[in-house]
Amino acid sequence: MRLLTVRAIRAALTVATLTALCAPATTAQGASGGFGPPPPQNPATAANGTATMHGDSASSDTTPYAGPGSGTVNWSRTALASACPTVVIGSDRLPVLLCTTIFGQTPTVHLLDPGTGADLASLALAKGSLFGGVYAYLDNTDALVVVDGDDNLLRIGHHRTAGGWTLTVDQSTPLAAAVPAGDNIVGLSPGWDGRVWFATAGGTIGTADTSTGAVRTISTGEGVENSISTVPGHTAVATDHALYLLTEAPDGTPTVEWRAPYDRGPGRKPGQLSWGTGATPSFFGTGTGTEYVTITDNAAPHENLLVYRVAGGPNPVCTTPVLTQYPESGTEDAVIASGGSVFVTNTYGYPYPALPAGAPAGVPASAGFDGGLSRVDLDADGNGCHLVWNSDVKSAALPRLSLADGKIYTLTVSGPTDSVGAQTFASYSYATIDPATGAQLSSSWIGLGLLYNPLQMTGTTGPDGTLYQGTETGVLRVTRG
C-alpha cells in the first residue's frame, strides 16, 4: 500500500502555515471475531503489529494487541512540526517515529517516551529528491532500518546515555550504485534470509546483503509508488501496471515468479497520488496466513479488489467491485487482510493539501470525499470472493484491525472536507468500527483542522494498548480512559 510517499508529504507540507506549529489495555485473547491467523513472524523484524507501517512485513494492517477500546479515552498530542507516517515499537516499548519536517522537508527520526509521548531524541537524515524511508521497519535488535536521501541503507539505533537518549547510525550500506540516475528508493522490506528487499520509483527491484554489501537488481520498466511486502520465500511488488510475485536466486538476484497486470483505469483518480493501484500488496490466508496476496486496481467507476493465490499464478481468484455504495470509488490506502477477510477504505476525493510533483491530472479533476469501507470475504472453497458489507464510516486514516479485541481502529472526519476545510474546520475523531457489520461502535472528538489531520496515515497500537496516530504536524497518543 502506498499510504503516503514522502514526495507527497513534502508537497502537502508546503501548504502548512506557521500557525500549525503553534489504565493500560490488556490483550483479550479469543476476541478477534474469527479473524486470523496473523502472518508469520519475520525473524528479521521486531514483533508483528509494531514492526512496520503496516504492522508486519506481510502488510496485513492487523495488530495482535488490544487497543484503547470503545469506551472513554484520553489523548495527548506530541507536536513535532512534522508529518509522521511511520510509528514502530520494539521490545523495549519505546516508540520510534520516522517523520518529515514541515519547514525544510527533512526526514527525521524521533524516539518517544511511552509514558508521556515526550520527544526523547531526534536525528535528521540526508534528504533527496524523493526520500523513500517512509517505509522503514524496526529490525530484531530494535534498530530502525531506513534508506536516506543519498541511497544509503541505514540501521539507526537508540541508546541510553548519561544525559538521556541518543539516536545513532549504527550501520550503513550504500545502494546508490544500484539505483539508476534520477531514481529513488520507495519501498523497503526484509526477507527471511537476512537480505533486505527494495524497490525504486522507476521500477528497479533489488536485494541488499548488509553483511557483505552485495546488491542484486532487476528492472521492471514500470513505476512503483507503494511499499513492498515479504513472507517466507516470496516478495510482492505492485507497479503502476501489474502485481509482481518474486523470489530470489542463490546470489540474491530477484526472480519473477509471475506478473499479473491489472486495470489501471483512465487516469489518476481524485483522492489518489498516482495513476495505478494505491495499495501495497498484502499477504493473508486462513492456514499459514500467506496463501493469498491482494491489491486493489484502479478501474472506473469502481475499483476492484484483486485476490491471487500465491501458488496459483497470475490469474486472480476473484475480481470484486468494492465501495459500490457511491457513484465512484478508489483508494490510496493498503487493505486490511486477515484470515479470509479483506477490508478496503475509500479515499476517492480525499483532499490531500497538495499532490506530488509530476502527478498527472485527475480524472475527473476533482470530487467530494465520501469515505466508506467495504469488507470482502473469500468463498468457503477459497476459489472466489463475495461482498459482506459496505459502510459509510468516513475514515481519514488507514484503519487497523485488532486481532485481540476484534475492533477496527481509525480516525474519522466530519464537517467541511474540501481542500481548505480539511485543514481548517474539519472535525477529527477517534473511532472504533465493528468488523462484523461495518457499524461505528464509538466516537471521541479529538480536534479541528491540520493539527489533527491524519492524511490517511495508519495508526500503531503498542503492547500496552496505546494507539499512536501520525498526523500532519506530529503524533496523537490515545489511551483507555
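Procedures and definitions
- Every chain is numbered independently, its residues counted from 1 as its sequence is written.
- With the structure being a predicted model, the display of local features is reserved for residues of pLDDT at least 70 and the display and counting of side-chain atom pairs for 80 or more, all residues being used for whole-chain, interface and lining totals.
- Heavy atoms from the whole structure form the basis of all side-chain values; hydrogens and water molecules are not counted.
- Secondary structure elements follow DSSP: runs of H or I of four or more residues count as helices, runs of E of two or more count as strands, with numbering from the N terminus.
- Any residue under 20% of the maximum accessible area for its type is buried, any over 50% is exposed, and the rest in between are partly exposed; the area is computed with a 1.4 Å probe on protein chains only.
- The contact definition used throughout considers only heavy atoms, calling two residues in contact when any of these lie within 4.5 Å.
- We call a pair of cysteine sulfur atoms a disulfide when they lie within 2.5 Å.

Undergrad: Mind showing me how you'd approach the environment of Pro 261 here?
TA: Mapped onto the elements of the fold, Pro 261 is located in strand 18 (residues 254–261). Residue Pro 261 is classed as exposed on the basis of its relative accessible area, which comes to 53%. Linking Pro 261 and Thr 239, residues 22 residues apart in sequence, is a C-alpha distance of 9.2 Å. Setting aside its immediate chain neighbours within four residues, Pro 261 contacts His 241, Ala 242 and Tyr 308.

Undergrad: What am I meant to see in the state of the cysteines here?
TA: Here is the idea: a disulfide is a covalent bond, and it sits between the sulfur atoms of two cysteines. Summed over all chains, the structure comprises two disulfides. Between the sulfur atoms of Cys 318 and its disulfide partner Cys 385 the distance amounts to 2.0 Å. Its S-S torsion of about -60° marks the bond between Cys 318 and Cys 385 as left-handed, since a negative value means left-handed. Note that Cys 318 is positioned in strand 22 (residues 318–321) and Cys 385 in strand 26 (residues 385–391), a separation of 67 residues in sequence. Take Cys 385: its relative accessible area is 16%, and that puts it in the buried class. If one numbers only the bonded cysteines of the chain, in the order they occur, the disulfide pattern is 1-2, 3-4.

Undergrad: How should unusual backbone geometry be read in this particular structure?
TA: Apart from glycine, the bulk of residues carry a negative phi angle, and the bulk of peptide bonds sit in the trans form. Of note, the bond from Gly 36 into Pro 37 is cis; its omega dihedral lies within 30 degrees of zero at 10°. Here Pro 37 is to be found in the loop between helix 1 (6–13) and strand 1 (62–63). For Arg 93, which is not glycine, the phi dihedral falls at a positive 70°. Positionally, Arg 93 belongs in the loop between strand 3 (82–89) and strand 4 (95–101). Judged by relative accessible area, Arg 93 falls into the partly exposed class, the value being 44%. Residue Asp 142 is not a glycine yet carries a positive backbone phi of 70°. Tracing the chain through its elements places Asp 142 in the loop between strand 7 (137–138) and strand 8 (144–147). For Asp 142, a relative accessible area of 10% puts it in the buried group.

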